[in-house]
Amino acid sequence: MPLQHFDQYPLSHELKQALEALHFHTPTPVQHETLSVAFSKQDLIVQSQTGSGKTVAYGLPICEMVDWYENKPQALILVPTRELAMQVKQDLTSLGRFKRIKAAAVYGKAPFKAQKLELAQKNHIVCGTPGRILDHLEKGTLSLDGLKFFVLDEADEMLNMGFVDQVSAIIQHLPPQRMSMLFSATMSDEMKELSEQFLQSPKMIEVAPAKTPVQQITHALIETEEDAKFSLLQRIIVIENPDRCIIFCNTQERVNELTMKLDDWDVPCDKIHGGMRQEDRFAVMDEFKNGEFRYLVATDIAARGIDVSDMTHVIHYDLPYEKERYIHRTGRTGRAGKSGKTIAFMTKHAQPLIHELQKEAGIDFQTQPYPTKEEAEQHVTSFEEKIDTPLQTNNKQTGVEQDIMKLYFNGGKKKKLRAVDFVGTIAKIEGVTFEDIGIISIQEMKTYVDILNGKGPLVLKAMRHTTIKGKQLKVHEARA
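Here's what I pulled together on the structure shown here. (Residues numbered from 1 in each chain as written. Predicted model: local features only at pLDDT ≥ 70, side-chain atom pairs only at ≥ 80, totals over all residues. Heavy atoms only, no water.)

Some remarks on the overall build of the protein
What counts is decided by this rule: Per the convention used, a helix needs a DSSP run of H or I reaching at least four residues, while a strand needs a run of E reaching at least two, with both numbered from the N terminus. As a reference, a globule follows 2.2 Å times the number of residues to the power 0.38, and the radius of gyration itself is taken over C-alpha atoms. Throughout, exposure labels follow a simple rule: accessible area from a 1.4 Å probe, protein chains only, divided by the maximum for the residue type, with under 20% read as buried, over 50% as exposed, and the rest as partly exposed. In what follows, residue pairs with any heavy atoms lying within 4.5 Å of each other are defined as contacts. The Shrake-Rupley method, run with a 1.4 Å probe, gives the accessible areas here. Residue values count only the displayed protein chains as cover. In this tally, Asp and Glu contribute negative charge and Lys and Arg positive charge; neither His nor the terminal groups of the chain are included. A charged residue contributes its charge at one atom only: NZ of Lys, CZ of Arg, CG of Asp or CD of Glu.
Per the secondary structure count, the protein includes 19 helices and 18 strands. Whereas a compact globule of 480 residues would reach a radius of gyration of roughly 23 Å, the protein reaches 24 Å, a difference of no more than 12%. Along the first, second and third principal axes, the C-alpha set of the protein runs to 75 × 50 × 45 Å. Taking all 480 residues of the protein together, the buried fraction comes to 54%. Long-range contacts, defined as pairs at least 24 residues apart, comprise 77% of the intrachain contacts of the protein with a sequence gap of at least 6. Element-wise, carbon and sulfur atoms account for 49% of the exposed surface of the protein, whose accessible area totals about 21600 Å². Across the protein, 59 positive and 65 negative side-chain charges occur, with their mean positions spaced 10 Å apart.

Written out as structure tokens, the structure reads:
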């Protein structure tokens, strides 16, 4: 039975402070099971459904056990997509904020040189996609000499996307003395073979999907013809009236087409797929998380790295070709103990997948009749009222960042400045202590320093008249 509060784990004051600010109080089952073992540094295989809190499960022990003074990366986390790499970086930065844990995210289709410069700085944790991580290892821009922890996150999707050879190559670069953890929603024979390459006498943790009424995801199934799908979608979203919804399609062309149709229908929506520029994909995800629109049309690439609160519905406009992808799509709703609903549009060719999901995954589909036009019309008024009402968002990072000010200094490595120079100077300001100084990021020509506990304005004012290592630097609040 899970413990009732994170206070009951051997966590430092700084991590407990971050958990409180993030409004994390009660561990999920996978967090309890993992935290009960992880501090012994035993290798782990953890099988748990998407949305069960796996990032916190491995992130807490890593943030607790890394040595802040060590400059080389101590933890490497492999993930299948760029979106998930950024999400994991943000989550671990939030967890380790008050310990000043620094995390970097590296992934493909982003400037290699900028990543090289970031990796040359002090980073406790590096998370990234296999191809780009391997690229940095082979070019010598990422050192694993100080590695203590290795995590393979969303391992089943890693295999589905064809990363097995790259993952195996990365494993060859790992130091033998380390703790390794594998997290996956499903466990295939190929997965077991991969785990044997890098895990030593691992403890197996299998967390069953939540079955309580509050946590259960409802799986609805509606039979339809291909050319009737959009009419069905219109009626479904009017009747269901989701707070937030992801609509999954199998191709980029279908995503583009459906987004245009919804836009013409004046439904607030946007899209995300692999054919978009990376910066555009990140911008769309930020806007979706901030509640600027309620409906996201996506290919399967969006089934990774989306951790959005209050995602009430997932609609499979196109059913995927594999049961694992259905499971991962569905995991975008019903997260962290909340209820959710997934609705599958089933055409004749998708019937074998439904049978497979029923038989092998134990999913209990509730067949719904094709809704009539009259049924939809009864809900039009409430649907239009919600569409016109701003979405109230609950950004979990707000609490941990509300008392933090990031300061910019116009000096860095070129001026021979080190983190200790900033710490020593700022901690001497009256009313400021070492605990008020957060993450310090020193670049070639500039430095960013997080000031915690609401002390930012005090430090900003003082540093405008204070030298660092005999140098008077320009300082101002960093722009977002």
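Considerations on the side chain of Asp300
The following threshold applies: Here a polar contact is recorded for every N or O atom pair within 3.5 Å, except that within protein the pair must consist of a potential hydrogen donor and a potential acceptor, and residues adjacent in sequence are included only if both atoms are side-chain atoms.
Along the chain, Asp300 falls in the loop between strand 11 (295-298) and strand 12 (313-316). Owing to a relative accessible area of 16%, Asp300 belongs among the buried residues under this scheme. Of note is the side chain of Asp300, whose polar atom sits 2.7 Å from the side chain of Arg329. Residues in contact with Asp300, not counting those within four places in the same chain, are Phe248, Cys249, Asn250, Arg325 and Arg329.

Some words on the nonpolar core
Operational definition: As used here, the term nonpolar core means buried Ala, Val, Leu, Ile, Met, Phe, Trp, Tyr and Cys residues forming a set that is joined through side-chain atoms within 4.5 Å.
One finds Leu60, Ile62, Ile77 and Ile125 to be the most contacted residues of the largest nonpolar core, which totals 44 residues. Of all the elements, helix 3 (residues 54-65) adds the most residues to this core, at seven residues. Ignoring any residue separated from it by four or fewer positions in sequence, one finds Ile62 in contact with Ala75, Ile125, Phe149, Val151 and Met181. Counting residues in each nonpolar core, the second largest holds 28 residues, with Ile45, Ala104, Leu137 and Ile170 among its members.

A few points about the environment of Met158
Assignment of secondary structure puts Met158 in helix 7 (residues 155-160). Put simply, Met158 and Met191 are 33 residues apart on the chain and 9.7 Å apart in space, counted from C-alpha to C-alpha.

Re a negative patch on the surface
Put simply, the rule is: Exposure above 30% relative accessible area and the absence of a salt bridge qualify a residue for a patch, where like charges join within 9 Å and nonpolar side chains (Val, Leu, Ile, Met, Phe, Trp, Tyr) within 5 Å. The rule for a salt bridge is simple: a side-chain nitrogen of Lys or Arg has to be within 4 Å of a carboxyl oxygen of Asp or Glu.
Together, Asp189, Glu190, Glu193 and Glu196 give the surface a local cluster of negative charge. Of note, Asp189 is situated in helix 9 (residues 189-198).

Quick word on the side chain of His136
Structurally, the position occupied by His136 is in helix 6 (residues 130-139). Polar side-chain contacts of His136 include one of 2.9 Å to the side chain of Gln115. Filtering out sequence-adjacent residues up to four positions away, His136 remains in contact with Val106, Phe112, Gln115, Lys116, Leu119, Thr141 and Leu142.

A short note on the sheet that holds strand 11
Paired through backbone hydrogen bonds, the strands of a sheet run either parallel or antiparallel to each other. Basically, it comes down to this: In this analysis, strands are considered paired if DSSP registers two or more bridges between them. Working convention: axes come from line fits to C-alpha atoms, limited for helices to the stretch in contact. Angles between N-to-C directions cover 0 to 180 degrees.
Sheet architecture is open: seven strands sit in the order 10-11-9-12-13-8-14, paired in parallel fashion. Edge strands, defined here as strands with exactly one partner in the open sheet, are strand 10 (269-272) and strand 14 (365-367). For this sheet, the mean inter-axis angle between neighbouring strands, taken without regard to orientation, is 20°. Judged from the four bridges that link them, strand 12 and strand 13 (residues 340-346) form a sheet pairing that is parallel. Within strand 13, the position partnered with Ile315 by the bridge is Ile343. Packed on one face of the sheet, helix 11 (residues 252-264) meets strand 9 (245-248), strand 10 and strand 11 and runs near 175° to strand 10. On top of the sheet, helix 12 (residues 278-289) reaches strand 9, strand 10 and strand 11; it is set at about 140° to strand 10, its chief contact.

Comments concerning the sheet that holds strand 16 (residues 437-442)
Spatially, 16-17-15-18 is the arrangement adopted by the four strands of the open sheet, whose pairing is antiparallel. The two strands at the open ends of the sheet, each matched to only one other strand, are strand 16 and strand 18 (475-477). Across the sheet, the axes of successive neighbouring strands diverge by a mean angle of 20°, strand direction being ignored. Of the strand pairs in this sheet, strand 15 (residues 405-409) and strand 17 (residues 447-451) are connected by five bridges, and their pairing is antiparallel. From the neighbouring strand, Tyr408 faces strand 17, where its bridge partner is Tyr448. Sitting on the sheet, helix 19 (residues 456-463) is in contact with strand 15, strand 17 and strand 18, with an inclination near 15° to strand 15.

Some points on the pattern of salt bridges
Scanning all chains against the criterion turns up 23 salt bridges. Between Lys406 and Asp450 there is a salt bridge, with its nearest N and O atoms 2.9 Å apart. Of the two residues, Lys406 is situated in strand 15 and Asp450 in strand 17; the sequence distance between them amounts to 44 residues. Assessed through its relative accessible area of 37%, Lys406 is described here as partly exposed. One salt-bridge network, in which partners are shared between bridges, spans Glu226, Lys229, Arg254 and Asp318.

A look at the pairing of strand 9
Of the two faces of strand 9, the one holding Cys245 and Ile247 and the one holding Ile246 and Phe248 are both buried throughout. Where strand 9 meets strand 11, four bridges bridge the pair, whose relative direction is parallel. Across the sheet, the residue bridging to Phe248 is Ala298, located in strand 11.

Remarks on the environment of Pro80
Take Pro80: it is sitting in the loop between strand 2 (75-78) and helix 4 (82-95). The sequence separation of Pro80 and Leu152 amounts to 72 residues, and the corresponding C-alpha distance is 9.2 Å.

Let's talk about the packing of helix 8 (residues 164-171) against helix 9
Heads up, the rule is: For classification purposes, an angle smaller than 35 degrees is called roughly parallel, one larger than 145 roughly antiparallel, one from 65 to 115 roughly perpendicular, and anything else oblique. Here a crossing is taken to be left-handed if its near helix is turned anticlockwise relative to the far helix by less than a right angle, and right-handed if that turn runs clockwise. Basically, the charged four are Asp, Glu, Lys and Arg, the nonpolar ten are Ala, Val, Leu, Ile, Met, Phe, Trp, Tyr, Cys and Pro, and anything else, Gly included, counts as polar.
Relative to each other, helix 8 and helix 9 sit at 15°, their axes nearing to 10 Å. The angle between helix 8 and helix 9 places the two elements in the roughly parallel class. Crossing angle aside, the handedness with which helix 8 passes helix 9 is right-handed. Contact residues: Val164, Val167, Ser168 and Ile171 in helix 8; Glu190, Leu194, Gln197 and Phe198 in helix 9. The residue makeup of the contact of helix 8 with helix 9, split by class, is five nonpolar, two polar and one charged.

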